Amino acid sequence: MREITLSQAVNEALAEEMRRDPSVFILGEDVAEAGTPFKVLSGLVQEFGKDRVIDTPISEPGFMGLAVGAAMTGARPVVDIMFGDFLFLIMDQLCNQAAKTHYMSGGKLNVPLVVRTNLGATRRSAAQHSQSLQALVAHIPGLKVALPSSAYEAKGLLKTAIRDNNPVVIFEDKLMYQDKAPVPEEEYLIPFGQANVKREGRDITLIATSSMVQVAMKAAEALASSGISAEVIDPRTIVPLDEATLLASVKKTSRAIVIDEGHQSYGVTAEIASRLNEKAFYHLDAPVLRMGAMDVPVPFSPVLEDLTVPTPDRVAEAARRLCAGEMIHAA
Amino acid sequence: MTSMKATPEPQADRSNAERYLRMYRQMVRIRTFEEQANQLYLTARMPGLTHMYSGEEAVAVGICEALTDTDRITSTHRGHGHCVAKGAEFRSMFCELLGKAEGYCRGKGGSMHIADQSHGNLGANAIVGGSMGIATGSALRAKLFGQDDVTVCFFGDGATAQGLLYEVMNMAALWKLPVIYACENNGYSEYTKTAEIAAGSLTARAEAFGIEAFRVDGQDVLAVNELAERLVARARRGEGPFFIELETYRYHGHHVGDINRDYYRSKEEETLWKTERDPIIRMRAWLVEQGIAAEAEIEAMNAQIRKDAEDAVAYAEAAPYPDPSEVDMHVFTDVLHATRIGA
């Protein structure tokens, strides 16, 4: 199978959906000729024109609001939020308007829009360009949240997101834009709410999202050499969450670590760990561990920044201790 | 800014008699709806509270009379007037106010979130200024799709303090969107005089973006409608956006429970607006004077509206509440019960 980058995968998904459905358009800062700072959208304006690849002023709440209104009246906007950190700027439009409109109208109004944004630290971009804020939006009923972990997922999930009649926030790992993965030439979609078992194992389940899937896979390899068989599962969407696949795995392995690049406290890892605890407690041989980003603003200095995110070594070490029966805290 | 000066009352155009009467009727319907809603609150038959539109009827009616069902509006927390003026029915509105299953939003929205998709009302909004992006986005969709509908964004003077307005007016002006920003200046931003929260002129804010701005007497339904007809037609031709400041007055407090309000405005001021500038009294006098309707006909019309409203209240009070199983419905379009996933 051919291999393309995550950036190309996103670009292809948008192009295919825009060819298929004339109501799909892109709205955001520097999305047209510039193709975004990461060049993810390069070439789209040449094919679809400036009416469908719309450069906006630097007014995130404003153009997010426009997307909500356009979506409520029949369009399918794909909003580009240049950095995940800028989600804070659009909170009212996303969480008070888009997320609640279908419910508040008793099901009469739909808001079929996609917010494309990114996550991920270790790019030496400091505290306002490095956050992974998926927990923030996953907390709000009415929003679906997708976390692609490779080019393959990025394409299939984005196409599904664009066809979904609900507001969807999709986070791309900005450090993975140039990472290649096998992506079929023919069209495919990845349904929401279906986790992907990346690697089968017997002793422990590593549940990892987005950027952390690679971390978990590397940890699993390291663990294999020390005789521990780790299963790696990528939920792919956290809303909806494929609880059944996660529970089945944990019931089999009896141990789990949940890894996500958002801050650890009150985060995605906490939510998933809590559900496993509630629903698989009597199958567990060890506490379910959370491994998120350290609860500090992301620091600039590389020496400091690298301490804040889970690494394969730290995941493998935690897994070894869990499997050895050591009671450890999710520090 | 173009100021629509108070002109001598115009001569009636007989061929428009039906329209004049419809505008009068719609204003009375709003006032009557509100009287009933206020009674429901005062007698503790309505959950929560509500924000009354009484006094501002000519704004909603004068503008919505210039719109068709395919034109959209966005409304505010003070939204009953816009909702009625855009074509909503009493029954579904009272059912919504009482949280009943037959309400416009199946009881999930209440007074502050009534939306009436069938008449192009994209909904009231409980975030002050929250719908400015929605209205402008609706207009963007019209332009992108080559559709000729116009969107009117209603908001109050208080909402001009929200930054969102300036972001969306900038884009609307850049892209010549068919949206009309209708600023209902009722003199008060919740419990505070507008003069204390707004520096400079309101219309100048729009003019800074190159948006044509107008100021009109919001208590004169004919003047409001004349201006709205003109601007809606121009917006349809791609000459928008526009901004209108409508000088009006809120008879009640910020909400129905805001009874003792001497600390921010005087009884004398309220009385003056109610007796000297009331849009319904004014229109009624004009209709009679111009021979469009006799006093007796108007009395009969008012009585019928009152009866309709009372019947609708009775209907809503007797109507069933939503089934408890509806609580997690309508969270997502494609999930019947959102909290049962994976449960």
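Residues numbered from 1 in each chain as written. Chains lettered and ligands numbered in written order. Predicted model: local features only at pLDDT ≥ 70, side-chain atom pairs only at ≥ 80, totals over all residues.

Engineer: Would you explain the overall build of chain B in this entry?
Structural biologist: The helix and strand inventory of chain B stands at 12 helices and eight strands. Overall, the C-alpha framework of chain B stretches about 65 × 50 × 45 Å when taken along its three principal axes. For chain B, long-range pairs separated by at least 24 residues make up 76% of all intrachain contacts whose partners lie at least 6 apart in sequence. (Helix = DSSP H or I, 4+ residues; strand = E, 2+ residues; numbered from the N terminus. Contact = placed C-beta atoms within 7 Å.)

Engineer: Looking at this structure, I do not really get the interface of chain A and chain B. What am I missing?
Structural biologist: By a widely used convention, the size of an interface equals the accessible area lost when the partners come together. Residue-level contacts link 40 residues of chain A with 35 residues of chain B. Those elements that place two or more of their residues in the side of chain A that touches chain B are helix 3 (60-72), helix 4 (91-104) and helix 8 (243-253) of chain A.

Engineer: Please clarify how the pairing of strand 10 (residues 204-208) of chain A should be interpreted in this entry.
Structural biologist: Every other side chain in a regular strand lies on the same face of the sheet, so the side chains alternate between the two faces. Residue and element names in this part refer to chain A. Burial within strand 10 is extensive, with five of its five residues counted as buried. With burial as the criterion, each face of strand 10 is covered, one bearing Ile 204, Leu 206 and Ala 208 and the other bearing Thr 205 and Ile 207. Here strand 10 runs beside strand 11 (residues 230-234); their pairing, made up of four bridges, is parallel. The residue of strand 11 that forms the bridge with Ile 204 is Ala 230. (Buried ≥ 20, exposed ≤ 12 C-beta atoms within 10 Å, placed from the backbone. Pairing = 2+ DSSP bridges.)

Engineer: Would you take a moment to explain the sheet that holds strand 7 (residues 212-217) of chain B for this structure?
Structural biologist: All names here are of chain B. Reading across from one edge, 1-7-8-4-3-2 is the order of the six strands in this open sheet, with parallel pairing throughout. On the outer flanks of this sheet lie strand 1 (2-3) and strand 2 (72-74), each paired with one strand and no other. In terms of strand pairing, strand 2 meets strand 3 (residues 151-156) through three bridges, oriented parallel. Its bridge partner lying in strand 3, Ile 73 is registered against Val 152. Contacting strand 2, strand 3 and strand 4 (179-185), helix 5 (residues 132-145) crosses the sheet at an angle of about 170 degrees to strand 3. (Axes fitted to C-alpha atoms, helices over the stretch in contact; angles between N-to-C directions.)

Engineer: Just to check I follow, could you spell out the sheet that holds strand 5 (residues 114-119) of chain A for this structure?
Structural biologist: All names here are of chain A. Across the sheet, seven strands lie side by side as 3-2-4-5-7-6-12; this open sheet has mixed pairing. Each end of this open sheet is capped by a strand with a single partner; those strands are strand 3 (53-55) and strand 12 (237-239). Put simply, the sheet's adjacent strands are angled 20 degrees from each other on average, direction ignored. Bridge count for strand 2 (residues 24-28) against strand 3 is three bridges, and the pairing is parallel.

Engineer: Would you explain the environment of A:Met18 in this entry?
Structural biologist: All names here are of chain A. Topologically, Met 18 is positioned in helix 1 (residues 6-20). The spatial distance from the C-alpha of Met 18 to the C-alpha of Ile 162 is 9.5 Å, given a sequence separation of 144 residues. The residues touching Met 18, leaving out its near neighbours within four places in the chain, are Val 24, Phe 48 and Arg 52.

Engineer: I would appreciate a short explanation of unusual backbone geometry in the present structure.
Structural biologist: Comment: phi is negative for the bulk of residues other than glycine, and the bulk of peptide bonds are trans. A cis amide bond, omega -5 degrees, links A:Val239 with the succeeding residue A:Pro240. Following the sequence through the fold, A:Pro240 ends up in the loop between strand 12 and helix 8. For the bond from B:Gly240 to B:Pro241, the omega torsion is -5 degrees, close enough to zero to count as cis. Mapped onto the elements, B:Pro241 comes out in the loop between helix 9 (221-236) and strand 8 (242-247). Residue A:Thr36 is not a glycine yet carries a positive backbone phi of 75 degrees. Within the secondary structure layout, A:Thr36 lies in the loop between strand 2 and helix 2 (44-48). Residue classification places A:Thr36 among the buried positions, given that 22 C-beta atoms sit within 10 Å. Of note in this structure, B:Lys176 is not a glycine but carries a positive phi near 50 degrees. Relative to the helices and strands, B:Lys176 is located in the loop between helix 6 (163-174) and strand 4.

Engineer: Please clarify how the domain arrangement of chain A should be interpreted in this entry.
Structural biologist: Residue and element names in this part refer to chain A. Domain boundaries in chain A define domain 1 (3-182) and domain 2 (196-323). Listed by partner, the interface residues are 27 residues for domain 1 and 24 residues for domain 2. Elements represented by at least two residues in the side of domain 1 that touches domain 2 include exactly helix 5 (134-138), strand 6 (144-146), helix 6 (151-163) and strand 7 (168-173). Among the residues forming the side of domain 1 that touches domain 2, the class breakdown is 16 nonpolar, seven polar and four charged. (Domains from an automatic or database assignment. Nonpolar A, V, L, I, M, F, W, Y, C, P; charged D, E, K, R; others polar.)

Engineer: Just checking my understanding: could you explain the nonpolar core for this structure?
Structural biologist: One recurring pattern in soluble globular proteins is that nonpolar side chains are buried together. A:Leu206, A:Ala216, A:Ile257, A:Ile259, A:Val315, A:Ala319 and B:Ile180 are the most contacted members of the largest nonpolar core, which has 204 residues in total. When residues in this core are grouped by element, the largest group, 10 residues, is from helix 1 (residues 17-42) of chain B. If we skip the residues at most four places from it in the chain, B:Ile180 touches B:Val150, B:Val152, B:Cys153, B:Leu231, B:Ala235, B:Gly240, B:Pro241, B:Phe242 and B:Ile244. (Core = buried A, V, L, I, M, F, W, Y, C linked by C-beta atoms within 7 Å.)

Engineer: Sorry, what's going on with the pairing of strand 7 of chain A here?
Structural biologist: Residue and element names in this part refer to chain A. Counted residue by residue, strand 7 has six buried out of six residues, so it is predominantly covered. Where burial is concerned, the two faces of strand 7 agree: the one with Val 168, Ile 170 and Glu 172 and the one with Val 169, Phe 171 and Asp 173 are both buried. With six bridges connecting them, strand 5 and strand 7 associate as parallel partners. Among the inter-strand pairings, Thr 117 is bridged to a residue of strand 7, identified as Phe 171.

Engineer: For this particular structure, what's the right way to read the packing of helix 8 of chain A against helix 9 (residues 268-280) of chain A?
Structural biologist: In helix packing, the relevant descriptors are the interaxial angle and the interaxial distance, both defined with respect to the helix axes. All names here are of chain A. At a minimum axis distance of 10 Å, the contact between helix 8 and helix 9 shows a crossing angle of 65 degrees. The way helix 8 lies across helix 9 gives a crossing that is right-handed. Facing Glu 243, Leu 246, Leu 247, Val 250 and Lys 251 of helix 8, the residues of helix 9 in contact are Ile 272, Arg 275, Leu 276, Lys 279 and Ala 280. (Left-handed = near helix turned anticlockwise from the far one by under 90°.)

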